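Okay, here's what each chain looks like letter by letter:
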Amino acid sequence: LFISIVALAVSHHVSFAWVSSPSLQHIRSTTIHISSSSNNHRIKQNSQLYQSSRERAEDMYAAVHRKEYEMKALNAQHKSTTDPVRMALGYAQESVSEMKLAKALRRVHDDKHNPANPNAEKEPEDATERKQKLEEMGMAEMSMRRASFIVDIKRKSLSRPGENFCRFDNAALVAEAMVRLGADVVMVNVDYKSYGGDISELKSAVQAVHKASKTAAVVMKDIVVDEIQMGLAKEAGADGILLIASVLGPALDNFLDLATSIGLETIVECHTRNEVQRALDALAPNILISNYDRVAQRYYDDQAIKLAGMFPGSGGPIISIAGGNIDDPEVMKRHLAVGYDAVVVGKAVMGSTRAPEFIRVVRDRTLLPTELSQWGLEGVEFDMDGQPMPGPKAG
């Protein structure tokens, strides 16, 4: 009976006062409380109480609850001070961070005149004069943008319960193939129940990607609820880790601080305006706006576009990323046109022959400065030299 009551609470997003976890408390405070307005609805929900938990789709509340239980066991396994994961968490990075993730997202290696590029060349005099004039006019960042492409490597997803996107035995081979096609960043999912991956795949993917490219970055994607997960990412050699604002809530600041101290870059996933503002206030350097509401468990396809105006202009300190149900190159172009620096694509390229098309759309074009994103020029496309491309381009 107790298990049945808990299952009903999860299906109705009902909150209990005895839940003490910060992650669960935050989700509890932001959930949409569903009222059973009809007897039929109540009867239907009650009938689900007797279904096996394996048959029901896991929502975010249940996923966080499961993850915290798993982390208790993981912490017990890594108690020793000489444990590699504990050591990864215990040593502060004193040297300047390589910022491999940020450089990949900014594509600094493709800009031969960018000072952040280790192989930067001296800028031509006419280009220097142009920059000086723009600075005098207060338009220093009014230059064409280069967007980056992030691949979300997964077999399945919490957002699409019961659906398998792709069957592959080795995530490392998939990651390497995507990087060789031109992907700037790969996200490797390590939660087996939700996404079908594990930490061993992250380690092999890191090795494969770093062998295939000196500039591509690897991000560990997980439902992060405990600091030890950051130690796992660091010990595996990942360049960054995904933090979900709706899961961490007020604890987000602490996780960002810890990541900085151990030399691990972050991407903060947000969905609502309040979550974006919280990430900005916490000085999160890379912010992903997802069109998927993890609490309500539904997609809002224009959410990222509506929130694009919350970020600084081109070349600002914040790297903005759009993701969630971006399943077509034209949809991807719409998100980039409003000012996003990068896009995340998962299902649409997993096991699909369209992966090269998606990557070309991002890498073979330049974009107008963010400040000009609302000038009605979304339909105009520009080549790598900043010149308008004739006719509409789909790939």
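Residues numbered from 1 in each chain as written. Predicted model: local features only at pLDDT ≥ 70, side-chain atom pairs only at ≥ 80, totals over all residues. Heavy atoms only, no water.

Regarding the sheet that holds strand β6 (residues 286–290)
- Here we have eight strands rolled up into a closed barrel, ordered β1-β2-β3-β4-β5-β6-β9-β10, and parallel in their pairing. Pairs of neighbouring strands in the sheet enclose a mean axial angle of 25°, with direction left out of account.
- Here strand β9 (residues 319–323) pairs with strand β10 (residues 342–345) via three bridges, running parallel. Within β10, the residue paired with Ala322 across the bridge is Val343.
- In the packing of helix α8 (residues 171–181) onto the sheet, contacts are made with β1 (148–153) and β2 (185–189), and the angle to β1 comes to roughly 165°. (Pairing = 2+ DSSP bridges. Helix = DSSP H or I, 4+ residues; strand = E, 2+ residues; numbered from the N terminus. Axes fitted to C-alpha atoms, helices over the stretch in contact; angles between N-to-C directions. Contact = heavy atoms within 4.5 Å.)

Side note on the packing of aromatic side chains
- Taken as a whole and assessed by the stated rule, the structure comprises two aromatic pairs.
- With a centroid separation of 4.8 Å and 50° between ring planes, the pair formed by Tyr292 and Tyr299 is classed as tilted.
- Given a relative accessible area of 22%, Tyr299 falls into the partly exposed group. (Phe/Tyr/Trp six-rings, centres within 6.5 Å; stacked < 30°, edge-to-face > 60°. Buried < 20%, exposed > 50% of the residue type's maximum accessible area, 1.4 Å probe, protein only.)

Some thoughts on the pairing of β10
- Here β10 shows a buried face lined by Ala342 and Val344 and a second buried face lined by Val343 and Val345.
- Two elements, β1 and β10, share four bridges in a ladder whose sense is parallel. In the sheet register, Val151 faces β10, and the bridge partner there is Val345.
- At this point the chain moves from β9, through helix α16 (residues 329–337), to the parallel β10, and the crossover so formed is right-handed. (Right-handed = clockwise from strand over helix to strand, strands pointing away.)

A short note on the side chain of Asp293
- Turning to its location among the elements, Asp293 is positioned in strand β7 (residues 292–293).
- For Asp293, which is buried and forms no salt bridge, the nearest opposite charge comes from Arg298, at a distance of 7.1 Å.
- Polar contacts involving the side chain of Asp293 include one to the main-chain amide nitrogen of Val295, which spans 3.0 Å.
- If near-sequence neighbours (up to four positions away) are discounted, Asp293 is found in contact with His271, Arg298 and Tyr300. (Lys, Arg positive; Asp, Glu negative; His and termini not counted. Salt bridge = Lys/Arg side-chain N within 4 Å of Asp/Glu carboxyl O. Polar contact = N/O pair within 3.5 Å; in protein donor to acceptor, adjacent residues only side chain to side chain.)

Some details on the pattern of salt bridges
- Under the criterion given, the structure shown has 17 salt bridges.
- A salt bridge links Glu176 to Arg180, with the shortest nitrogen-to-oxygen separation between them at 3.0 Å. Linking Glu176 with Arg180, this pair stays in helix α8, spanning four residues, or about one helical turn.
- Among the ionic pairs, Arg354 bridges to Asp328, the shortest N-O distance being 3.8 Å. Within this pair, whereas Arg354 is found in the loop between β10 and α17 (355–363), its partner Asp328 is found in the loop between β9 and α16, the two being separated by 26 residues in sequence.
- Residue classification places Arg354 among the partly exposed residues on the basis of a relative accessible area of 31%.
- Linked by salt bridges that have partners in common, Arg66, Lys67, Glu70, Asp191 and Asp222 make up one network.

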